[in-house]
Structures are given as C-alpha cells and as structure tokens.
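For reference, the chains in residue letters:
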Amino acid sequence: MMSSDVAKIRRRVLTEVAQLAFAGKLQQEINSLPRRLIDAGFTTKRCCQYHEKAVLKDLITLAIGVSPETVDPEATLAEILTDSQSLQPAGDHLVSILKSACDACPIDRIVVTDACRNCAAHSCVNACPKDAIEIVNNRAFVNRERCVECGLCVKSCHFGAIIELERPCTRACAVSAIGPDEEGANVIDHGKCVECGACISACPFGAIAVRSDLLKVINMLKAKQTQVVGFIAPSYVGQFGPLVEWAALEAGLKKLGFSAVVPVAAGADIIIELEALELVQKDGFLMNSCCPAFKNLVQRYFPEIASHISHTASPMIEIVKNIRKQSAHQTLKCIFIGPCVAKKGEALREGKSIVDAVLTFEELAVILVAAGINLAEIEVPSIGTTVRPSTAARKFCVAGGVKQAITERYQQMTGQQLKTAAAAGLKECRKLLTLLAAGKIEADFVEGMGCEAGCIGGPGTLVDAKRAHSVLSRLIK
Amino acid sequence: MTIADIVKKVANGDRVIIEVCVGTACHLMGSPQLVEFLEDLSRHFNHQVEVQFVSCLNRCHDGPCVKINGCLLPNATCETIEEILLQVVDNERRG
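None of the values given here were measured: they were computed from a predicted structure. (Residues numbered from 1 in each chain as written. Chains lettered and ligands numbered in written order. Predicted model: local features only at pLDDT ≥ 70, side-chain atom pairs only at ≥ 80, totals over all residues. Heavy atoms only, no water.)

Observations concerning the sheet that holds strand 3 (residues 66-68) of chain B
All names here are of chain B. A sheet is described by the order of its strands in space; here 4 strands give the open sequence 2-1-3-4, paired in mixed fashion. Unpaired on one side and paired on the other, strand 2 (49-54) and strand 4 (71-73) mark the two borders of the sheet. Strand-to-strand twist of the sheet, defined as the mean angle between neighbouring strand axes without regard to direction, takes the value 25°. Sheet strands in contact with helix 3 (residues 31-44) are strand 1 (16-21), strand 2 and strand 3, and its direction is about 160° off that of strand 1. (Pairing = 2+ DSSP bridges. Helix = DSSP H or I, 4+ residues; strand = E, 2+ residues; numbered from the N terminus. Axes fitted to C-alpha atoms, helices over the stretch in contact; angles between N-to-C directions. Contact = heavy atoms within 4.5 Å.)

Structure (structure tokens):
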C-alpha cells in the first residue's frame, strides 16, 4: 500500500503495457506509448512534457521487466523490449530508483527556515555541542563542516524554526542501502539492499519501483501449450475487494488461462510440521525462513547467527516443489502471487528453475483488468478447490502468526512450551537480531517479518494492512 | 456533469445512498481508499449516508467510480465526494 496518486500512475502504466501485450501489439506500439498517454491527458505530475516522457519511459521499462539502471539511455523502448527477450534478468537490481523521477530532494538534514528571528536567547547556538551554529545575516546558519546532525538545535528552538529533513526513502531503509550519488539523486547500493521494498512505498515521487514479471506471465498465458499454475500467498484475503473471496479469485485466474490455482498456505502447513520437528531435534534457537527480506537481513548483517535460520525452505518453494512432483506435465510454469517484493529475489535464487515468475497482488489485478476480467462479477463454480489449509497456516501472513503456529505444533508434539521472540518491520527485526546476536535475548523460536504488520503490510498489496487484518480476523477464527 | 449538477440532483430526499464500485478495475485505481473514507463519513453523518458496494458501474476506464443517489461520479476522490455531501447538507440548511 502506498500513496494512492503515485500508485495510480504506476498502475495505469502497467495496465497499458499489459493491454498492448494481450493484444500482441506491444512491439509495434511501445515507442509511441508515452506520447499517446500524454496526449490523452495522463500526467505523472512533472514540470514539463520532456520530464513526463522520461518518467514514463522508465516506468514502462520496469513494466517490461528491465531495470532502467541497466539499459543504454539512448535505446528506444522497442529496442529495450527486443533485447529483454533474449536476456535472462540478473539476480540483483530488483528494486530501482528511477533517475528521471527522483527529485533529488534536499540532502542537508538540519535546515534553518525563514521562521528564524535571530532571537535574543540563541538557544540553538547554546544547544549545539559542536559549535556548528553561527549567526550570519541576522539568522542562524548551520556550518556543514562541523554539524553532526544530532538534532539538538531542532529541539531547542522556541519558534520551531529549525527543521530536520531526511529523504523518505533513506529513512525507510533499515539497512542504509540508499544514499546520494555524485549528482545528488539517490541510488540503491544493491550489495546492501535486502529487497524488502519499504522504500517503494515511502517515495512520494513514485521514483522507486520494482522490475515486473508482468510481461513474462502474459506471454506464458498466451502460449497455449504451457500449463500455468498460480500459487496464491495467504495474504490474498481481502486484497481484491469486499466482494471477492477465494472462489472468485480462483475462477478469475482460470479465466485468465491458469490451469490450476494453489493456496500457498498449504505450503505453510508443511513448514509448520518441518520447523516444529527441527526445533525438537535442534540445539539452540531457530528462526523462520519464510520471509526472504528477513532471511537476507540475517545472512548479510548477522552472519554469525545465520546458521539458526530454519533449513526448511519457504512455503512458496515447498508447495511449488510438491506440485511439480505431482505433475507429469513437462512445460509446467509456476507463478507465485503475493504482497512481496523480496519473493522476486527469492524466486531468482533459491527458486531458480522451479519458480518461473513472481507477481504482486497489484500486478495480478493489472493483468485481470487488462484482460477485462472483473473478479467482483465472475461466475463462481459450485465445486472449488479441495485443498483446505489449516487456520494456523492461513495466519502466516500476519505478524505473530508463524510464531503462534510453530508454538502450538511444538506443544502438541512435546507437551512443552516454547520461549519465543518476534519482530515485524525490518528496523524492529534489526534491533531484535542485534540483541539476539549479543546473547541478550533468550528464545527458542524467533519470528522475523520484513514488513510492519507482516505480509499483509507488504509493498505489493492493494488494501491497507488494517483493513486486511480486520477481514482476516472475521474470516479466520 | 459538474459537482453543482450532482449536488442539485442529490439534494431531494433526506437519505444519501452512495454506491461504490468495488469491481477489479475500480479497486485497482483506488476504491479501497474511498470505502475507508466513506465508512468513516457515514458514521459522522449519523448514518444518513448509506454506503453500498456494487460490482460494476460500466465506466471501468474512469475508475474509481461512485454513484451518489443515482448520479455517476467517475474518477472519484475522497475530496470530491466530501465536497458534494457538504454542499448537499448546506443546501438543506438554507432550505
């Protein structure tokens, strides 16, 4: 979920690309798409047409599955599209900052505003431990060479005339992977990024986006000889509006051309069993492996405790493997559909050659709309899926859900209680992991969720976490 | 149709019925935010505003769409809906 105007712009662009792809006209018309959108009055709210066109070009590039950072800026969209079909996308560069859209917003953290009256108290000067504030031209002035950005002057000013600014994406990033390049626009250090996607929702300019598998999936659906299976993450509940439940979602995907639709919560049921068993057999604590952003965080920043991550694969990988085993079909394509950006990375690495694409709920809705399918009006067959995941597995998508499921299963197995700890949101996870690594917290099972509120708060969702949570608690008792 | 036109039409009758399209196209373009806003609003208006979900208003390219007492409002935003309702209330007050 994100600022709705920014989301609307991105969704409109994705929908236009998807429509052209379904019609088989993408290659011919992609170059003229920015022009056509602008002529139709569509705006990305930039200063001029040139800027609009540049932003649209970058958004379209991401929509066809290519990171704008990796293409020749002189290449046309049609050329980028042609090249993309012969290349396998690299494992990194999943999340991109669009140079065209990044506003390179102010970078100085402490700013003295016009409200400064050069008062007699000079509390800012007195509060500053580094003597970084001088009075210049009848007004406080921050000497950047001395300022350590502690913020004491901000608190001390009686007029509130000094403000603390931080770029929203920089603030959202729990691993400090976002910083300015030599021109002042922000860039992502892909060596540090754990792909949580928090920056995507945070940027008010819509300048951060994720490479999409939209086109890949549409092409799979159009190829009649392939069988495409959709794997729906447990957080789907409530995501497609108040009139849409599982049966409608399943019917909609089948109408799109999916041959089968599988709830990933069925994979979570396998995980509950395996992780509880791991706990029975293991010395020391265990951490969940279902959240790829959390797993990336541990592996990259807390390698000394990375061996405590459960060796069980994620529900996505487990259920996809399972279905592949059952199917005799040679050209089975497995698509994960969820709220998650980090799953796209997981699919490219752990899921290589078994998970063929990952869509967010937003991207799925885009494909449905482009294909003219309205889930709220779809005819639902009287016999639906036979797979019925447990209540505990269906709650994997809410912060605390994994912990609860594992604890309950462990207790059934051993009759003993588990000591647990949990955190949701990468910043909180980081705090918890710091304490854990230092041996300050004792726990048998640790649940880490990259997104606040859990998967229902993911960057690829369509409704906000609060609403999703209330729908979930109504449906799953 | 301008906001003033909608206000004129809505003004007769003391109960306002707002139909929000929750079809997939409107949902994608922002009806969840409208629903959130309207449910809050209907509490403020002492439930004289009734919110209903509909599956399609046949203007899928101009979503999100709502109908206020039968008048279609395409590209609806919380702000435009609020403005219409406030004007309706104001008109009633003036008689």
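Now that the structure has been shown, the text picks up again.
Comments concerning the packing of aromatic side chains
All names here are of chain A. In total, this model carries 2 aromatic pairs over all chains according to the counting rule given. For the pair Tyr236 and Trp246, a centre-to-centre distance of 5.1 Å together with 65° between the ring planes defines the contact as edge-to-face. Here Tyr236, found in the loop between strand 9 (227-232) and helix 11 (246-256), pairs with Trp246, found in helix 11; they are 10 residues apart in sequence, far enough to count as distant. Taken as a pair, Tyr236 and Trp246 share a single burial class, namely buried. Where Phe240 meets Phe361, the ring centres are 5.7 Å apart and the plane angle is 85°; that geometry is what we call edge-to-face. Remark: Phe361 occurs in helix 16 (residues 361-370) and Phe240 occurs in the loop between strand 9 and helix 11; sequence separation between them is 121 residues. (Phe/Tyr/Trp six-rings, centres within 6.5 Å; stacked < 30°, edge-to-face > 60°. Buried < 20%, exposed > 50% of the residue type's maximum accessible area, 1.4 Å probe, protein only.)

Notes on the interface of chain B and chain A
Each partner contributes residues to the interface: chain B has 18 residues there, and chain A has 26 residues. Between chain B and chain A, a total of about 1700 Å² is buried, with carbon and sulfur atoms accounting for 63% of that surface. If you look at where chain B meets chain A, you find 2 salt bridges. Linking Arg467 of chain A and Glu36 of chain B is a salt bridge whose minimum nitrogen-to-oxygen distance equals 2.9 Å. Taken together, the links from chain B to chain A amount to 9 residue pairs in polar contact (both at pLDDT 80 or more). Listing elements by their share of the side of chain B that touches chain A, those giving two or more residues are helix 2 (24-28), helix 3 and strand 2 of chain B. Considering every element that reaches the side of chain B that touches chain A, the biggest residue donor is helix 3 of chain B, with 5 residues. (Buried area = accessible area lost by both parts, 1.4 Å probe. Salt bridge = Lys/Arg side-chain N within 4 Å of Asp/Glu carboxyl O. Polar contact = N/O pair within 3.5 Å; in protein donor to acceptor, adjacent residues only side chain to side chain.)

Thoughts on the pairing of strand 12 (residues 332-338) of chain A
Residue and element names in this part refer to chain A. By the criterion of burial, strand 12 is predominantly enclosed, with 6 of the 7 residues buried. Here strand 9 runs beside strand 12; their pairing, made up of 6 bridges, is parallel. Residue Phe231 lies in a different strand from strand 12, and its bridge partner there is Phe336. With 4 bridges joining them, strand 12 and strand 13 (residues 357-360) adopt parallel strand pairing. Its bridge partner being in strand 13, Ile335 is matched across the sheet by Ala357. Considered for its hand, the β-α-β crossover made up of strand 12, helix 15 (residues 342-348) and strand 13 is right-handed. (Right-handed = clockwise from strand over helix to strand, strands pointing away.)

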